[in-house]
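A structural walkthrough
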Amino acid sequence: MVHDRGKIKWTSLMLPEHVEMLQQMGREIGIEKAPLLDEQQLEELEQKVRLIQIGTTKARISYSSGSNVNKVSGIVTGLKPAEQYLLLDTADRLYPVRIPFNQLIDISFH
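Keep in mind the model is a prediction, meaning the values are calculated, not measured.

Further remarks concern the overall build of the protein chain. Helices and strands together make up the secondary structure of the protein chain, namely three helices and five strands. Taken from the N to the C terminus, the helices and strands of the protein chain come in the order α-α-α-β-β-β-β-β. Within the protein chain, buried positions represent 22% of all 110 residues. Long-range contacts, defined here as pairs at least 24 residues apart, represent 46% of the contacts in the protein chain between residues at least 6 apart. A total accessible area of about 8,500 Å² is found for the protein chain, and carbon and sulfur atoms account for 55% of it.

Laid out in structure tokens, this is it:
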């Protein structure tokens, strides 16, 4: 069986200057790693989702996409508990953003 070392096998081919440059670029463009939420944070998120009023609640939502964090602002236009997602209508997108509950990191109301 072949044992794949993932990223480790490629680091030997990169110069240390290139590795540092890639890390610096990630910091400059603001790529954040998605945090792991504990039980209390998940409960707080659930309470915030319950406070949402469809069509009137303006929110800024942070959610994970892969290992990165995305932040969007807009009006919550849909809440689908059975399908486990919410819809956020933003000013810069033609269609609402569909955000699964399991990708939510933070919700702030404004």
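Further remarks concern the side chain of Thr 90. Examined against the element boundaries, Thr 90 turns out to sit in the loop between strand E3 (85–89) and strand E4 (97–100). Polar side-chain contacts of Thr 90 include one of 3.0 Å to the side chain of Asp 92. Non-local contacts of Thr 90, meaning those with residues more than four positions away in its chain, are made with Val 72, Ser 73, Gly 74 and Val 97.

Bringing the packing of aromatic side chains into the picture now. For any pair of aromatic rings, the description consists of the separation of the ring centres together with the inter-plane angle of the planes. In this structure the tally under the stated criterion is zero aromatic pairs. One residue, Arg 98, lies across the ring of Tyr 85, its end atom 3.8 Å from the ring centre.

Across eight bridges, strand E1 (residues 58–65) lies against strand E2 (residues 68–80) in antiparallel orientation. Residue pairing in the sheet places Ser 64 in a bridge with Val 69 of E2. As consecutive antiparallel partners, E1 and E2 are separated by two residues, and within that stretch Gly 66 has a phi angle of approximately 70 degrees, a positive value.

Reading guide: rules and limits
Residues numbered from 1 in each chain as written. Predicted model: local features only at pLDDT ≥ 70, side-chain atom pairs only at ≥ 80, totals over all residues. Heavy atoms only, no water. Helix = DSSP H or I, 4+ residues; strand = E, 2+ residues; numbered from the N terminus. Buried < 20%, exposed > 50% of the residue type's maximum accessible area, 1.4 Å probe, protein only. Contact = heavy atoms within 4.5 Å. Areas by Shrake-Rupley, 256 points an atom, 1.4 Å probe, with all protein chains shown as cover. Polar contact = N/O pair within 3.5 Å; in protein donor to acceptor, adjacent residues only side chain to side chain. Phe/Tyr/Trp six-rings, centres within 6.5 Å; stacked < 30°, edge-to-face > 60°. Lys NZ or Arg CZ within 6 Å of the ring centre and 35° of its normal. Pairing = 2+ DSSP bridges.

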